[in-house]
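# Observations on chain architecture
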Amino acid sequence: MIALEEYKELTIVNEDGTITWTQFEKSAHYLQDVSRKNGEPNFEDLKSHLLGNVV
C-alpha cells in the first residue's frame, strides 16, 4: 500500500490531507491506460504523468 507521503509526492493528497480530485482522476486514467495495454503501473511514470513531465 502506498504511504500518505507518496500520495503527497504524487500531488494526489495536499499537505492538509485533502484530496486533489483532478490529480486523482488523472491517476485513474493513467492506471486504466496502462491496464488496457497489459502493462504494469510504475510509480515514476505515474509521477511524471501527474506532474506534466511526460514527453
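Above this text sits the structure in question.
Now for a description of the structure that goes with this document. (Residues numbered from 1 in each chain as written. Predicted model: local features only at pLDDT ≥ 70, side-chain atom pairs only at ≥ 80, totals over all residues. Heavy atoms only, no water.)

## With respect to the overall build of the protein chain
- In terms of helices and strands, the protein chain carries three helices and zero strands.
- Its C-alpha atoms give the protein chain a radius of gyration of 11 Å, within 12% of the compact-globule value 10 Å for 55 residues.
- In terms of its C-alpha atoms, the protein chain occupies a principal-axis envelope of roughly 35 × 25 × 15 Å.
- By the burial criterion, 20% of the 55 residues in the protein chain qualify as buried.
- Of the contacts formed within the protein chain by residues at least 6 apart in sequence, a portion of 32% connects residues at least 24 apart.
- With the model as given, the accessible surface of the protein chain reaches about 4,200 Å², and the carbon-plus-sulfur share is 54%.
- Counting 5 positive and 10 negative side-chain charges, the protein chain places the averaged centre of each group 6 Å from the other. (Helix = DSSP H or I, 4+ residues; strand = E, 2+ residues; numbered from the N terminus. Rg over C-alpha atoms; globule rule 2.2 N^0.38 Å. Buried < 20%, exposed > 50% of the residue type's maximum accessible area, 1.4 Å probe, protein only. Contact = heavy atoms within 4.5 Å. Areas by Shrake-Rupley, 256 points an atom, 1.4 Å probe, with all protein chains shown as cover. Lys, Arg positive; Asp, Glu negative; His and termini not counted. Charge placed at Lys NZ, Arg CZ, Asp CG, Glu CD.)

## Quick word on the environment of Asn 42
- With respect to the secondary-structure elements, Asn 42 resides in the loop between helix 2 (21-36) and helix 3 (43-51).
- Considered as a pair, Asn 42 and Gln 23 are 19 residues apart in the sequence and their alpha carbons are 16 Å apart.
- At 2.9 Å, the side chain of Asn 42 and the backbone nitrogen of Asp 45 are in polar contact. (Polar contact = N/O pair within 3.5 Å; in protein donor to acceptor, adjacent residues only side chain to side chain.)

## Here's the deal with the nonpolar core
- By size, the foremost hydrophobic cluster in this structure holds seven residues: Leu 10, Ile 12, Val 13, Tyr 30, Val 34, Leu 46 and Leu 50.
- Elements that contribute at least two residues to this core include exactly helix 2 and helix 3.
- Sequence-distant contacts of Leu 46, that is, excluding residues within four places in its chain, are made with Leu 10, Ser 27 and Tyr 30. (Core = buried A, V, L, I, M, F, W, Y, C linked by side-chain atoms within 4.5 Å.)

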